[in-house]
Amino acid sequence: MFDVATRPQPSTVRGASVLRVPFDWRLAFPSAAAPYPWTDFSSPTGEPQGFVDQLATFALELEDTLNTGVIISLFTDGRADQDAKLPLNETDRRGWVGDEFMSEDATEGLDPWGNTLWMYYTGKVTEDIPGLVEFTCKESLAWLLRRGIASRIEVTASWGGEGLDRLLIRPQIYKPDQLTPVYDVLWGTSIRRAVA
């Protein structure tokens, strides 16, 4: 049998709580090997009977990074609006179907899941797509600003790759009182050419 322990990790941000949402888990380095007592519950005394072999203890530690939140925000398919022009041969507006049935009152204070980045993965490589992608990504990450987790978000998108068919997306997220971004990752995806 294995147990998973969660150990808080000191925050990299001065005065910040390590258990603030969002947080990520990471596998911690094992602690020193130590003998573990074991009990034979069929014994009449019910007391420890000895020690098992020495085992190393692994745990999950908390980090106050934004990796999981950013990946979900950028790469979960959001639902396209009714009047949105879908990519060629697409009829599915994707996203969480529950969005369709949520009233405005029910969604107050809730942040939408995902974005419509998927709509740009198929089609022609045009000059206007990077600008549209930047807007879409900023919109899907705006919840970080609304909740005070980030103070500034910058997103750049451009064409790259040999055939200029790779869309390069670079979100940079800044936390309050920090001059350098706490999240700065270059994502790349290939565009599938539209077949008429």
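The text that follows walks through the structure, step by step, so that each part is easy to find.

What counts as what
Residues numbered from 1 in each chain as written. Predicted model: local features only at pLDDT ≥ 70, side-chain atom pairs only at ≥ 80, totals over all residues. Heavy atoms only, no water. Helix = DSSP H or I, 4+ residues; strand = E, 2+ residues; numbered from the N terminus. Buried < 20%, exposed > 50% of the residue type's maximum accessible area, 1.4 Å probe, protein only. Contact = heavy atoms within 4.5 Å. Areas by Shrake-Rupley, 256 points an atom, 1.4 Å probe, with all protein chains shown as cover. Arc of directions from axis to C-beta. Salt bridge = Lys/Arg side-chain N within 4 Å of Asp/Glu carboxyl O. Polar contact = N/O pair within 3.5 Å; in protein donor to acceptor, adjacent residues only side chain to side chain. Pairing = 2+ DSSP bridges. Core = buried A, V, L, I, M, F, W, Y, C linked by side-chain atoms within 4.5 Å. Expected span 1.5 Å × (residues − 1).

## Some details on the overall build of the protein chain
Part 1: A tally of regular secondary structure across the protein chain gives three helices and nine strands.
Part 2: Residues classed as buried in the protein chain amount to 28% of the 196 residues present.
Part 3: The long-range share in the protein chain, meaning contacts at least 24 apart out of those at least 6 apart in sequence, stands at 54%.
Part 4: When the accessible surface of the protein chain is totalled, it reaches about 13,500 Å², and 56% of it is carbon and sulfur.

## Topic: helix α1 (residues 67-75)
An α-helix turns once per 3.6 residues; consequently, residues spaced three or four apart project the same way.
Part 1: Restricting attention to buried positions, one finds in α1 the residues Gly69, Val70, Ser73 and Leu74. Across the axial projection of α1, the buried residues extend over an arc of 115°, all falling on one side.
Part 2: Each element contacted by the buried residues of α1 is listed here: α2 (129-141), α3 (143-146), β7 (166-174) and β8 (183-184).

## A word on the pattern of salt bridges
Part 1: The full count for this structure, using the stated rule, is four salt bridges.
Part 2: Between Glu90 and Arg94 there is a salt bridge, with the nearest N and O atoms lying 3.4 Å from each other.
Part 3: The class for Arg94 is partly exposed, based on a relative accessible area of 24%.
Part 4: Residue Arg152 is joined to Glu154 by a salt bridge in which the shortest nitrogen-to-oxygen separation is 3.1 Å.
Part 5: Through salt bridges that share partners, Asp77, Glu90 and Arg94 make up one connected network.

## Topic: the side chain of Asn115
Part 1: Examined against the element boundaries, Asn115 turns out to sit in the loop between α1 and α2.
Part 2: Only 3.5 Å separates the side chain of Asn115 from the backbone oxygen of Leu74, close enough to count as a polar contact.
Part 3: Among the polar contacts listed, one links the side chain of Asn115 to the side chain of Ser140, at a separation of 3.1 Å.
Part 4: In this view, Asn115 contacts Ser73, Leu74, Thr76, Asp77, Gly78, Thr136, Cys137 and Ser140; residues no more than four positions away in its chain are not counted.

## Thoughts on the pairing of β7
Part 1: In terms of strand pairing, strand β6 (residues 152-160) meets β7 through nine bridges, oriented antiparallel. Of the residues in β7, the one forming a bridge with Gly160 is Arg166.
Part 2: Linking β6 to β7, which pair antiparallel, is a turn of five residues; within it Gly161 sits at a positive phi near 90°.
Part 3: Here β7 pairs with β8 via two bridges, running antiparallel. Residue Gln172 lies in a different strand from β8, and its bridge partner there is Asp184.

## Regarding the nonpolar core
Part 1: In this structure, Val133, Leu144 and Ile173 are the most contacted members of the largest nonpolar core, which totals 25 residues.
Part 2: Of all the secondary-structure elements, those providing two or more residues to this core are α1, α2, α3, β6 and β7.
Part 3: If near-sequence neighbours (up to four positions away) are discounted, Val133 is found in contact with Leu117, Tyr120, Ala157, Leu167 and Ile169.

## A look at the environment of Trp113
Part 1: Along the chain, Trp113 falls in the loop between α1 and α2.
Part 2: Taking the relative accessible area as the measure of exposure, Trp113 reaches 54% and is therefore exposed.
Part 3: For the pair Trp113 and Asp77, spaced 36 residues apart in sequence, the C-alpha separation works out to 7.8 Å.
Part 4: Setting aside chain neighbours within four positions, we find Trp113 in contact with Ile72, Thr76 and Gly78.

## Looking at α2
Part 1: Its 13 residues place the ends of α2 18 Å apart at the C-alpha level, agreeing with the 18 Å of an ideal helix rising 1.5 Å per residue.
Part 2: Listing the buried residues of α2 in full gives Ile129, Pro130, Val133, Thr136, Cys137, Ser140 and Leu141. Down the axis of α2, the sector holding all buried residues measures 125°, keeping them to one side. Of the exposed residues in α2, the ones pointing more than 90 degrees away from its buried face are Phe135 and Glu139.
Part 3: Contacts from the buried residues of α2 go to α1, α3, β6 and β7.

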